[in-house]
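Listed below, chain by chain, are the residues.
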Amino acid sequence: MEDKEFDKHLKKAITAEERKLKKAYLKILETSLKGSKKKINWRIAASILILIGLGSYFILFNKSLNNDELYANYFSPYENVVAPIVRDKVTLTKKAEVFSLYEQAEYKKALEKFNQLTPQDSIDVATLNFYKANTYLQLNAFEKAKNLFSKTQKNEEWSQESLWYLALISIKLNDIDAALNYLQELKVKDTFKNEEVEELINLLK
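Residues numbered from 1 in each chain as written. Predicted model: local features only at pLDDT ≥ 70, side-chain atom pairs only at ≥ 80, totals over all residues. Heavy atoms only, no water.

Undergrad: Help me out: how do you make sense of the nonpolar core in this one?
TA: Within soluble globular proteins, side chains that are nonpolar tend to cluster in buried spots. With 49 residues, the main nonpolar core has Phe114, Leu137, Phe149, Trp164, Tyr165 and Leu168 as its most contacted residues. Of all the elements in the fold, those that place two or more residues in this core are helix H3 (67-74), helix H4 (94-103), helix H5 (107-114), helix H6 (125-138), helix H7 (142-152), helix H8 (159-172), helix H9 (176-189) and helix H10 (194-204). Looking at this core, the element that brings in the most residues is H8, giving eight residues. Apart from residues no more than four positions distant in its own chain, phenylalanine 114 is found in contact with Val98, Phe99, Tyr102, Leu128, Tyr131, Lys132 and Thr135. (Core = buried A, V, L, I, M, F, W, Y, C linked by side-chain atoms within 4.5 Å. Buried < 20%, exposed > 50% of the residue type's maximum accessible area, 1.4 Å probe, protein only. Helix = DSSP H or I, 4+ residues; strand = E, 2+ residues; numbered from the N terminus. Contact = heavy atoms within 4.5 Å.)

Here it is as structure tokens:
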């Protein structure tokens, strides 16, 4: 039953996009016909028609995205904004070393090093937990990631980012009600990933 509801809303979202494309196509034709000297931009018109056709194909032959696919489409690990890597530096601090491993997708090694960091390494607890949670996601340890994001959500600096990842984790764990709650809370704040938040809400409703 839930799959059918998901299919319905997914198709509704795609159909809405198709309408926009069709309107754009008709507008090109209308503009072109108003003046005899104006020529139809057939490349643009053809591109729009192709997109409309692809949308229809998706609806007919690709019934739905399951939650795993939806998670994969919207997830990406948070970028390293804490310790940007200086390539020509030979000796790295403990903090720089762990973030270098994180950037290189060496997540198991990064997690070991994250667990060794302390505030004395010039990193606050909330930031440390936020990146550890991201690392857990890459290792498919979703419950551990969820626990840490629940903590960092209370921190002003990482609140919105944490809500986003909590929503994605909820989708991955098939808890759509929780995902919608996180997304609605994030939508109210209206400053982080606005378009993606709106898209996911429409797909999950």
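That shown, we press on.
Undergrad: Looking at this structure, I do not really get H5. What am I missing?
TA: Every α-helical turn comprises 3.6 residues, leaving residues that sit three or four positions apart pointing alike. Three or more residues of H5 are buried, namely Tyr107, Ala110, Leu111 and Phe114. What you see down the axis of H5 is that its buried residues fit within an arc of 100°, all on one side. Turned more than 90 degrees away from the buried face of H5 sit Lys108 and Glu112, all of them exposed. In this structure, the buried side of H5 is in contact with H4 and H6. (Arc of directions from axis to C-beta.)

Undergrad: Honestly, the packing of aromatic side chains in this entry has me stumped. Any pointers?
TA: Both the distance between ring centres and the angle between the ring planes are used here to describe each pair of aromatic rings. Applying the stated rule across the entire model yields 19 aromatic pairs. Each ring, one from tyrosine 71 and one from phenylalanine 75, has its centre 5.3 Å from the other, and the planes form 10°; the classification is stacked. Consider the rings of phenylalanine 130 and tyrosine 165, whose centres lie 6.1 Å apart with planes at 65°: the pair is edge-to-face. Highlighted residues: phenylalanine 130 in helix H6 and tyrosine 165 in helix H8, separated in sequence by 35 residues. (Phe/Tyr/Trp six-rings, centres within 6.5 Å; stacked < 30°, edge-to-face > 60°.)

Undergrad: Got a minute to help me understand unusual backbone geometry in this structure?
TA: What is expected of a backbone is that most residues other than glycine have negative phi and most peptide bonds are trans. The phi torsion at aspartate 190 lies on the positive side, around 60°, for a residue other than glycine. When you line up the elements, aspartate 190 lands in the loop between H9 and H10. The class for aspartate 190 is partly exposed, based on a relative accessible area of 48%. The phi torsion at lysine 193 lies on the positive side, around 50°, for a residue other than glycine. By the secondary structure assignment, lysine 193 is in the loop between H9 and H10. Judged by its relative accessible area of 28%, lysine 193 is partly exposed.

Undergrad: Mind showing me how you'd approach the packing of H3 against H8 here?
TA: Pairs of packed helices are described in terms of their axes, by the angle between the two and the distance that separates them. Direction vectors running N to C along H3 and H8 enclose 155°, while the axes themselves pass 8 Å from each other. If you check the angle between H3 and H8, you find them roughly antiparallel. Along this stretch, H3 crosses H8, giving a crossing that reads as left-handed. The segment H3 lies against H8, with Asn67, Asp68, Leu70, Tyr71 and Tyr74 engaging Trp164, Leu168, Ile169, Ile171 and Lys172. Here the contact of H3 with H8 is composed, by residue class, of seven nonpolar, one polar and two charged. (Axes fitted to C-alpha atoms, helices over the stretch in contact; angles between N-to-C directions. Parallel < 35°, antiparallel > 145°, perpendicular 65-115°, else oblique. Left-handed = near helix turned anticlockwise from the far one by under 90°. Nonpolar A, V, L, I, M, F, W, Y, C, P; charged D, E, K, R; others polar.)

Undergrad: Explanation requested: the pattern of salt bridges in the structure shown.
TA: Between side chains of opposite charge, pairing is possible as soon as their charged atoms come close. A full pass over the atoms with the stated rule returns four salt bridges. Here lysine 113 and glutamate 97 are joined by a salt bridge, their closest N and O atoms 3.7 Å apart. Of this pair, lysine 113 sits in helix H5 while glutamate 97 is found in helix H4, placing the two residues 16 residues apart along the sequence. A relative accessible area of 28% places lysine 113 in the partly exposed class. (Salt bridge = Lys/Arg side-chain N within 4 Å of Asp/Glu carboxyl O.)

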